[in-house]
Amino acid sequence: MYNVALFGKKYEDTIITTNSMLEGETNSCNFIQKKLGGVYNFLDNKSKNITYCPITSGVKKAYIINNKEKSKRTSFVFDKNENDLLDSDIISKINVADWLHMCYIDDINNYNFINKINIPISIDFCTAKPRKKYLDIMNKSRFVFDSRERKNLYDDIEISTPIIFHDEYGLEICVRNKVVYSEKNNPISNLEVNGAGDMFAAIFIENNFYHSANQSAKTAMLETTKYLINRNNNEQEV
C-alpha cells in the first residue's frame, strides 16, 4: 500500500454536460452537477494499492462545459479569497507520504516549500501559460504530465525529466525534446472527458510503483479510456 499526497487548490466545480453546443445560441443540457474537482478527481481511481491524501491551499470556483459531441471540455475559473496553508503545515503532511503529485502547478500561488520535500514529486499543468517560468520545478520532478495539444509550449525546453503528453489519440514521452516512447489510441466520441487528465496521472503514478514509465503510461491510456466509457454508460442508465 502506497500513500500519495495530492497538493493543489480546492476546486469547487459546477459541471454542465451537453450533447452538443452552438456558440451564441440557446443550448440544452443533460444535467448540471456540483462536485469537488482538482486533487479530488484522483479519488475516482478506486485502487486497493493507493491511499490518497488531498492537501488543498486556496479555493477556485470552476464552471465547466462538457461537450459530449466533440468529447471536449471548456472551463471558466476564478479564485475565491481564502487563506493559503502555512508551509510548515503542508510539509508535515506531505513528508509522511511516498509520493507527491502537484495538481495544476500553473495555478498554485506558492510552492517554495518544495525544497524541503524529501519524497519524489510529479506535476501537471492546466493552462497555456509559458512553461519556462516553471523550469526549476520541472527539473525537480520525476515526471511532468500535460495535454499533447500544449506540446508547442515545450519547444524551447530541453530537460531530462520525462514529459508525458497525452490526448484522445494516444501519448508521447519526451526526454530532452525527443520522443522516447509513444502509443496510439482510438478516439471515442460522445464522452464526458472532464477529469480525464487527472485520472491518467493517477493511474500512471499507481502503476509506476511497480512498472516502468512506458508500461505505466500505456496502462494509464487504456484504463482512462475504460473509465470514461464506463462513466458515460452509467450516466445513460440513470
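Up top you'll find the structure we're talking about.
Residues numbered from 1 in each chain as written. Predicted model: local features only at pLDDT ≥ 70, side-chain atom pairs only at ≥ 80, totals over all residues. Heavy atoms only, no water.

A.B. asks: Please provide a residue-by-residue account of the packing of aromatic side chains, values included.
C.D. replies: Considering all chains together, one arrives at 14 aromatic pairs under this definition. Note on Tyr-2 and Phe-209: the rings are 4.0 Å apart at their centroids and 10 degrees apart in plane angle, and the pair reads as stacked. Here Tyr-2 is found in strand 1 (residues 2-18), whereas its partner Phe-209 is found in the loop between helix 3 (196-208) and helix 4 (213-237), with 207 residues between them in sequence. On the accessibility criterion, Tyr-2 (26% relative accessible area) is partly exposed. Judged by centre distance (5.3 Å) and plane angle (85 degrees), the rings of Tyr-11 and Tyr-104 are edge-to-face. Highlighted residues: Tyr-11 in strand 1 and Tyr-104 in the loop between strand 5 (99-102) and strand 6 (121-124), separated in sequence by 93 residues. For the residue pair Tyr-11 and Tyr-104, the accessibility class agrees, reading buried in each case. (Phe/Tyr/Trp six-rings, centres within 6.5 Å; stacked < 30°, edge-to-face > 60°. Helix = DSSP H or I, 4+ residues; strand = E, 2+ residues; numbered from the N terminus. Buried < 20%, exposed > 50% of the residue type's maximum accessible area, 1.4 Å probe, protein only.)

A.B. asks: Go over a nonpolar patch on the surface, please, and point to the residues and values.
C.D. replies: There is a patch of nonpolar side chains on the surface, built from Tyr-63, Phe-76 and Phe-78 and spanning about 320 Å² of accessible area. By the secondary structure assignment, Phe-76 is in strand 4 (residues 72-80). (Patch = residues over 30% accessible without salt bridge, like charges linked within 9 Å, V, L, I, M, F, W, Y side chains within 5 Å. Areas by Shrake-Rupley, 256 points an atom, 1.4 Å probe, with all protein chains shown as cover. Salt bridge = Lys/Arg side-chain N within 4 Å of Asp/Glu carboxyl O.)

A.B. asks: Now, about helix 3: what can you tell me, with residues and values included?
C.D. replies: Compared with an ideal rise of 1.5 Å per residue, which puts 13 residues at 18 Å, helix 3 spans 18 Å between its outermost C-alpha atoms and is within 8% of the ideal. A large share of helix 3 lies buried, amounting to twelve of its 13 residues. Those residues of helix 3 that sit buried are Ala-196, Asp-198, Met-199, Phe-200, Ala-201, Ala-202, Ile-203, Phe-204, Ile-205, Glu-206, Asn-207 and Asn-208. (Expected span 1.5 Å × (residues − 1).)

A.B. asks: Go over the nonpolar core with me, naming the residues and quoting the values.
C.D. replies: Ranked by size, the top nonpolar core spans 35 residues in total, and within it Val-4, Phe-145 and Phe-204 carry the most contacts. Those elements that place two or more of their residues in this core are strand 1, strand 3 (50-67), strand 7 (143-147), strand 9 (170-175), helix 3 and helix 4. The greatest single-element share of this core, amounting to eight residues, is contributed by helix 3. Within the second largest apolar cluster, 30 residues are counted, among which are Ile-91, Leu-100, Ile-108 and Tyr-111. (Core = buried A, V, L, I, M, F, W, Y, C linked by side-chain atoms within 4.5 Å.)

A.B. asks: Give a detailed account of the pattern of salt bridges, specifying residues and quantitative values.
C.D. replies: Scanning all chains against the criterion turns up 14 salt bridges. A salt bridge links Asp-107 to Lys-60; the nearest nitrogen and oxygen atoms lie 2.7 Å apart. Residue Asp-107 is located in the loop between strand 5 and strand 6, and its partner Lys-60 is located in strand 3; the two are separated by 47 residues in the primary sequence. Comparing Asp-107 with Lys-60, the two get one shared label, buried.

A.B. asks: I'd like to hear about the side chain of His-166, residue by residue, with values.
C.D. replies: Along the polypeptide, His-166 turns up in strand 8 (residues 163-167). If we skip the residues at most four places from it in the chain, His-166 touches Asp-146, Ser-147, Arg-148, Leu-171, Gly-197 and Phe-200. (Contact = heavy atoms within 4.5 Å.)

A.B. asks: I'd like to hear about the layout of surface pockets, residue by residue, with values.
C.D. replies: What the largest pocket holds in volume is close to 1,200 Å³. If you go around the largest pocket, you meet 49 residues; those closest to its centre are Arg-73, Ser-147, Val-193, Ala-196 and Gly-197. Elements with a minimum of two residues in the lining of the largest pocket: strand 1, strand 2 (31-38), strand 3, strand 4, strand 7, strand 8, helix 3 and helix 4. In terms of residue count, the dominant contributor to the lining of the largest pocket is strand 4 (five residues). For the lining of the largest pocket, a count of residues per class yields 17 nonpolar, 18 polar and 14 charged. Every residue lining the second largest pocket is counted, twelve residues in all, and those nearest its centre are Gln-33, Lys-35, Glu-192, Tyr-227 and Arg-231. Those elements that provide at least two residues to the lining of the second largest pocket are strand 2 and helix 4. With three residues, helix 4 is the single largest residue contributor to the lining of the second largest pocket. Residue composition of the lining of the second largest pocket, by class: three nonpolar, four polar and five charged. (1 Å grid on protein atoms, 1.4 Å probe; cavity = no way out; pocket = protein on both sides within 12 Å on 5 of 7 lines; lining within 4 Å. Points joined across faces, edges and corners; volume = space filled by probe spheres on them. Nonpolar A, V, L, I, M, F, W, Y, C, P; charged D, E, K, R; others polar.)

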